[in-house]
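# A closer look at the structure
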Amino acid sequence: MVTCEILSQTLIPNTVMRKMLVDGVHKGYSIQPISGYVLHDNTMDIDIIDEATYEVVGRKFGYSPSSVDVTCGLNYDFSTRTVTGENGNTYTAYGDREFFAVLESTAPADQIFGGGDDHEVMKAEIV
């Protein structure tokens, strides 16, 4: 059985983090931006392709809304790094997947993925 426990201190500002337990054993983390925020995860980033050369010339950040949880393993390294977005803003990001949360109103709507009513979302039991 999978259960989750909310962490009293989130590691990523403007998120709720949960410790995921499988049969009582800590296996990973669930991360969800708080209402009004979106979570960057570089696995959702989009390459910008030069149409003439088909070379990657940049990246657009991808975000998940507050209705979606992302997960990472128990051994995920939450070390900070600074990343620069396509608009030139810098962010303190956490780990290799570069997690950070920003106000939803500041993220381009076409770069926010998931959370619609046209898919099934599995939720773990919250303890």
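For the structure given in this document, a descriptive report is provided here.

Rules and cut-offs
- Residues numbered from 1 in each chain as written.
- Predicted model: local features only at pLDDT ≥ 70, side-chain atom pairs only at ≥ 80, totals over all residues.
- Heavy atoms only, no water.
- Helix = DSSP H or I, 4+ residues; strand = E, 2+ residues; numbered from the N terminus.
- Buried < 20%, exposed > 50% of the residue type's maximum accessible area, 1.4 Å probe, protein only.
- Contact = heavy atoms within 4.5 Å.
- Areas by Shrake-Rupley, 256 points an atom, 1.4 Å probe, with all protein chains shown as cover.
- Core = buried A, V, L, I, M, F, W, Y, C linked by side-chain atoms within 4.5 Å.
- Salt bridge = Lys/Arg side-chain N within 4 Å of Asp/Glu carboxyl O.
- Patch = residues over 30% accessible without salt bridge, like charges linked within 9 Å, V, L, I, M, F, W, Y side chains within 5 Å.

### Quick notes on the overall build of the protein chain
Scanning the protein chain from terminus to terminus reveals zero helices and 12 strands. Taking all 127 residues of the protein chain together, 35% fall into the buried category. Restricting the contact set of the protein chain to residue pairs at least 6 apart, pairs at least 24 apart contribute 51%. Total accessible area on the protein chain stands at roughly 7600 Å², and carbon and sulfur atoms take up 50% of it.

### So, the nonpolar core
Membership of the largest hydrophobic core comes to 14 residues, with the highest contact counts inside it found for Ile12, Ile31, Cys72, Phe78 and Phe99. Sorting the residues of this core by element identifies β3 (25–33), β4 (37–40) and β8 (70–73) as the ones contributing at least two each. Setting aside residues no more than four positions away along its own chain, Ile31 makes contact with Ile12, Thr15, Val16, Met17, Leu39, Val68, Asp69, Val70, Cys72, Phe78 and Phe99.

### Considering unusual backbone geometry
A positive phi is found at Asn14, a non-glycine position, where the angle reads about 65°. Considering the arrangement of structural elements, one finds Asn14 in the loop between β1 (2–6) and β2 (15–22). The backbone of Tyr54 sits at a positive phi, close to 60°, despite the residue not being glycine.

### Quick look at the pattern of salt bridges
Tallying each qualifying case throughout the model produces six salt bridges. Residues Arg81 and Asp96 are paired through a salt bridge, measuring 2.8 Å at the closest nitrogen-oxygen approach. In this pair, Arg81 sits in strand β9 (residues 80–84) while Asp96 sits in the loop between β10 (90–94) and β11 (100–103), placing the two residues 15 residues apart along the sequence. Accessibility expressed as a relative area gives 34% for Arg81, which makes it partly exposed. The class for Asp96 is exposed, based on a relative accessible area of 57%. A network of salt bridges, in which partner residues are shared, links Asp45, Asp47 and Arg59.

### Some details on a nonpolar patch on the surface
Where nonpolar side chains cluster on the molecular surface, the patch consists of Ile49, Tyr54 and Val56 and spans about 340 Å² of accessible area. Within the secondary structure layout, Ile49 lies in strand β5 (residues 46–49). By relative accessible area, Ile49 is classed as partly exposed at 40%.

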